[in-house]
Amino acid sequence: MASPLFFHSSLPPKPRPSLTRSKVNGLPIIKCSSSTFEPSSPAANHHRLATENIREEARRLRSAETAAAGKQFSAKYVPFKAGPDSSESYSLDEVVYRSRSGGLLDVEHDMDALKRFDGEYWRSLFDSRVGKTTWPYGSGVWSKKEWVLPEIDGDDIVSAFEGNTNLFWAERFGKQFLGMNDLWVKHCGISHTGSFKDLGMTVLVSQVNRLRKMNRPIVGVGCASTGDTSASLSAYCAAASIPSIVFLPANRISIAQLVQPISNGAFVLSIDTDFDGCMRLIREVTSELPIYLANSLNSLRLEGQKTAAIEILQQFDWEVPDWVIVPGGNLGNIYAFYKGFKMCHELGLVDRIPRLVCAQSANANPLYQYYKSGWAEFKPLKANSTFASAIQIGDPVSIDRAEYALKNSNGIVEEATEEELMDAMARADSTGMFICPHTGVALTALIKLRNGGVIGPTDRTVVVSTAHGLKFTQSKVDYHSEKIPQLACRFANPPVEVEADFGAVIDVLKKRLLSKSNSRTQKH
């Protein structure tokens, strides 16, 4: 295998016919070697000119030959789960959200073109781009550009170098609470706006930027949101000078989430309804006005979100974990993870996919109810209030996508009560994490499956953390202040009030330290 030092990360792969060993549909499969990637001229140790930025550098390095090579890959919209006999498809440059029958759309890549390059080829290319500042491949999303939006020009991409997020070994939590030695938390919330939504929004806003440059009549981008989508949309639109319009359910999101779109200049409408009501309104509005819909009904976002799955495999040196647990609300993310894992399997980067678990709040659990019925009948419901506010959704847009992903990954759906998710969050925080309530939902699912013997003590398990805990500080304050009605707050750690007196302070410290010492002795 060639060393990544021989690869120039800013250039797409260029096939060498002399490397062929087999064929796909009559076309040669390209094997990985030191000459498989086209180097720049001069060599890979190029230096950016003092007068240019990284986008201008990328433009200079793109030759006509390189641009032509990039055209070998393509993608289009097709009806979700379209059969081989379906002829319905749409260019990604069309503004379309539903199929002719009213169903969901999916982004379909030219897999035959991608299969001309073997798994080792793709692994080496993706690995060669990690940690670089080369535009746009320094992004964890755009480092997989050929699998995301292969035909978009680098000048049209709007990126904050999102992705490449921490895969945290939850050593103490796994050992102390679950008897596990291989538990990991994928911190997707350590991102530009504090949630995994950045992974998809960079793709969607980049495509809108491209369409506007093509003089398509798009006056802005709009979304309904429980908080994180609006924060991400407003930030990326602000970076590209594109107007953003946000529909938020009144009094149902945290102040930290609300202030983000306001600060980024979005036009925010606070509407007296829940998320499902906001979603109905934004769909009606975007059908009447030239506003581009940014919710996960739009399948472009899932192309970015699937790169988190590819990234997990990269971080494990392309070894496949046994389980991946994802919180679910509107349910696009569980399908995005499935799609990322499935593409890696189909293109030969790995030999299997992990089992997926979707975790829901018991107060907003339509997928869980559907799963428990044996997939007999899906029934939308009125979502009740939950601390996991971003997944407080009773009529998820991507229900069909989630069902497909779970059935094809031998998946499971679990739920978490308010007390369970808040306790799980508190216990995780006590081991050095600082997670959001949605991650508490996922950890509760893990605890239940571990206690039930479904997940084994040595199973490599990844819990996906979807947002940063700093967005949900009020829920943590309420928990540790023991001010939440009907919750015991068993793991609360409130501050102790003490007089400004040396003796009083010593007494309190001795009492606390003695208690901790006795607790450790009993455990041993």
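This is a predicted model, so every value here is computed, not measured.

Some points on the pattern of salt bridges
Next, step 1: Taken as a whole, this structure holds 22 salt bridges when the rule is applied.
Next, step 2: In this structure, Lys 213 and Asp 156 form a salt bridge, with 3.0 Å as the shortest nitrogen-oxygen distance. Of this pair, Lys 213 sits in helix 6 (residues 197-213) while Asp 156 sits in the loop between helix 4 (119-129) and strand 5 (167-169), placing them 57 residues apart in sequence.
Next, step 3: Its relative accessible area of 10% is what places Asp 156 among the buried residues.
Next, step 4: Taking the shortest distance from any N to any O, the salt bridge between Arg 460 and Asp 182 comes out at 3.1 Å. Here the residue Arg 460 occupies a position in the loop between helix 16 (437-451) and strand 14 (461-465), and Asp 182 occupies one in the loop between helix 5 (171-178) and strand 6 (183-187), the gap between them amounting to 278 residues.
Next, step 5: Residue Arg 460 is classed as buried on the basis of its relative accessible area, which comes to 19%.
Next, step 6: Each of Asp 106, Glu 303, Lys 306 and Lys 339 takes part in a single network of salt bridges with overlapping partners.

Here's the deal with the state of the cysteines
What we call a disulfide is simply a covalent bond connecting the sulfur atoms of a pair of cysteines.
Next, step 1: With the rule as written, the count across this model stands at 0 disulfides.
Next, step 2: Cys 278 carries a free sulfur, and the closest cysteine sulfur to it, the one in Cys 223, is 9.5 Å from it.

Things to note about the sheet that holds strand 13 (residues 412-416)
Next, step 1: The 6 strands are arranged 5-6-14-11-12-13 in an open sheet whose pairing can be described as mixed. Each of the sheet's edge strands pairs with one partner strand only, and the pair in question is strand 5 and strand 13. Neighbour-to-neighbour, the strand axes of this sheet turn through a mean angle of 25°, independent of strand direction.
Next, step 2: Together, strand 5, strand 6 and strand 14 form the strand contacts of helix 11 (residues 307-315), whose direction differs from that of strand 6 by roughly 135°.

Some details on the pairing of strand 14
Next, step 1: Strand 14 sits mainly inside the fold: 5 of its 5 residues count as buried.
Next, step 2: Burial along strand 14 is two-sided: the residues Thr 461, Val 463 and Ser 465 and Val 462 and Val 464 are all buried.
Next, step 3: Pairing between strand 6 and strand 14: 5 bridges, direction parallel. By the bridge assignment, Leu 183 is partnered in strand 14 with Thr 461.
Next, step 4: Summarising the sheet, strand 11 (residues 323-327) and strand 14 pair through 3 bridges and their orientation is parallel.

Observations regarding the sheet that holds strand 10 (residues 291-293)
Next, step 1: With respect to topology, 4 strands assemble into an open sheet ordered 9-8-7-10, the strand pairing being parallel. In this open sheet, the two edge strands, each paired with only one partner strand, are strand 9 (267-271) and strand 10. Neighbour-to-neighbour, the strand axes of this sheet turn through a mean angle of 25°, independent of strand direction.
Next, step 2: Where strand 7 (residues 220-224) meets strand 8 (residues 244-249), 4 bridges bridge the pair, whose relative direction is parallel. Looking at the pairing, Val 221 lines up with Ser 244 of strand 8.

Observations regarding the packing of aromatic side chains
Next, step 1: Applying the stated criterion to the full structure yields 22 aromatic pairs.
Next, step 2: Between Phe 117 and Tyr 121, the aromatic rings sit 4.5 Å apart at their centres with planes inclined by 45°, giving tilted as the arrangement.
Next, step 3: Look at Phe 117 and you get buried, because its relative accessible area is 1%.
Next, step 4: Taken together, a centroid distance of 6.4 Å and an interplanar angle of 50° make the contact between Phe 337 and Phe 341 tilted. Remark: Phe 341 and Phe 337 occur in helix 12 (residues 332-346); sequence separation between them is 4 residues, near one turn of the helix.
Next, step 5: With relative accessibility at 2%, the residue Phe 341 sits in the buried group.
Next, step 6: Over the ring of Phe 316 we find Arg 460; its NZ or CZ atom is 4.2 Å from the centre of that ring.

Quick word on the confidence of the model for the protein
Next, step 1: For the protein, the average pLDDT comes to 89, and 88% of its residues sit at 70 or higher.
Next, step 2: Throughout residues 1-12 the model reports pLDDT below 50, and contacts reaching past four residues in sequence, or to other chains, amount to 41 contacts.

Some remarks on unusual backbone geometry
Next, step 1: A cis amide bond links Trp 135 to the next residue, Pro 136, at an omega of -5°.
Next, step 2: In this structure, Ser 241 is a non-glycine residue whose phi angle is positive, near 60°.
Next, step 3: Take Ser 241: it is sitting in the loop between helix 7 (228-239) and strand 8.

As for the nonpolar core
Next, step 1: Trp 122, Trp 147, Val 205 and Tyr 292 are the most contacted members of the largest nonpolar core, which has 104 residues in total.
Next, step 2: Per-element tally for this core: the top contributor is helix 12, with 8 residues.
Next, step 3: Not counting residues within four places of it along the chain, the set of residues in contact with Trp 147 comprises His 109, Leu 114, Trp 122, Phe 126, Glu 303, Lys 306, Ile 310, Met 343, Cys 344, Leu 347 and Leu 349.
Next, step 4: If you look at the next biggest cluster of nonpolar residues, it comprises 36 residues, including Ala 426, Met 433, Ile 435 and Ile 447.

With respect to a nonpolar patch on the surface
Next, step 1: Among the surface-exposed residues, Val 496, Val 498, Val 505, Val 508, Leu 509 and Leu 513 lie close enough to one another that they form a single nonpolar patch of about 490 Å² accessible area.
Next, step 2: Mapped onto the fold, Val 496 is located in the loop between helix 17 (473-480) and helix 18 (502-523).
Next, step 3: When its relative accessible area of 56% is taken as the criterion, Val 496 is described as exposed.

Observations concerning the environment of Thr 444
Next, step 1: Note on placement: Thr 444 falls in helix 16.
Next, step 2: Judged by relative accessible area, Thr 444 falls into the buried class, the value being 4%.
Next, step 3: Through-space distance from the C-alpha of Thr 444 to that of Leu 421 is 6.0 Å; in sequence the pair is 23 residues apart.
Next, step 4: In this view, Thr 444 contacts Glu 415, Ala 416, Glu 420, Leu 421 and Ala 424; residues no more than four positions away in its chain are not counted.

Notes on the pairing of strand 11
Next, step 1: Along strand 11, 5 of the 5 residues are buried, which leaves the element largely enclosed by surrounding structure.
Next, step 2: By the alternation rule, side chains of strand 11 split into Trp 323, Ile 325 and Pro 327 and Val 324 and Val 326, which are all buried.

Details of the environment of Lys 132
Next, step 1: Here Lys 132 is to be found in the loop between helix 4 and strand 5.
Next, step 2: Note on Lys 132: relative accessible area 34%, which makes it partly exposed.
Next, step 3: Each C-alpha atom, one on Lys 132 and one on Phe 161, is 9.9 Å from the other, the two residues being 29 residues apart in sequence.

Topic: helix 4
Next, step 1: In terms of residue burial, helix 4 counts as a mostly covered element, since 9 of its 11 residues are buried.
Next, step 2: Those residues of helix 4 lying buried are Gly 119, Tyr 121, Trp 122, Arg 123, Ser 124, Leu 125, Phe 126, Ser 128 and Arg 129.
Next, step 3: The inward-facing, buried residues of helix 4 contact helix 3 (111-114) and helix 11.
Next, step 4: Note on helix 4: the residue one or two positions beyond its end, Gly 131, has a positive phi of about 80°.

Rules of the game
Residues numbered from 1 in each chain as written. Predicted model: local features only at pLDDT ≥ 70, side-chain atom pairs only at ≥ 80, totals over all residues. Heavy atoms only, no water. Salt bridge = Lys/Arg side-chain N within 4 Å of Asp/Glu carboxyl O. Helix = DSSP H or I, 4+ residues; strand = E, 2+ residues; numbered from the N terminus. Buried < 20%, exposed > 50% of the residue type's maximum accessible area, 1.4 Å probe, protein only. Disulfide = S-S within 2.5 Å. Pairing = 2+ DSSP bridges. Axes fitted to C-alpha atoms, helices over the stretch in contact; angles between N-to-C directions. Contact = heavy atoms within 4.5 Å. Phe/Tyr/Trp six-rings, centres within 6.5 Å; stacked < 30°, edge-to-face > 60°. Lys NZ or Arg CZ within 6 Å of the ring centre and 35° of its normal. pLDDT = per-residue confidence, 0-100. Core = buried A, V, L, I, M, F, W, Y, C linked by side-chain atoms within 4.5 Å. Patch = residues over 30% accessible without salt bridge, like charges linked within 9 Å, V, L, I, M, F, W, Y side chains within 5 Å. Areas by Shrake-Rupley, 256 points an atom, 1.4 Å probe, with all protein chains shown as cover.

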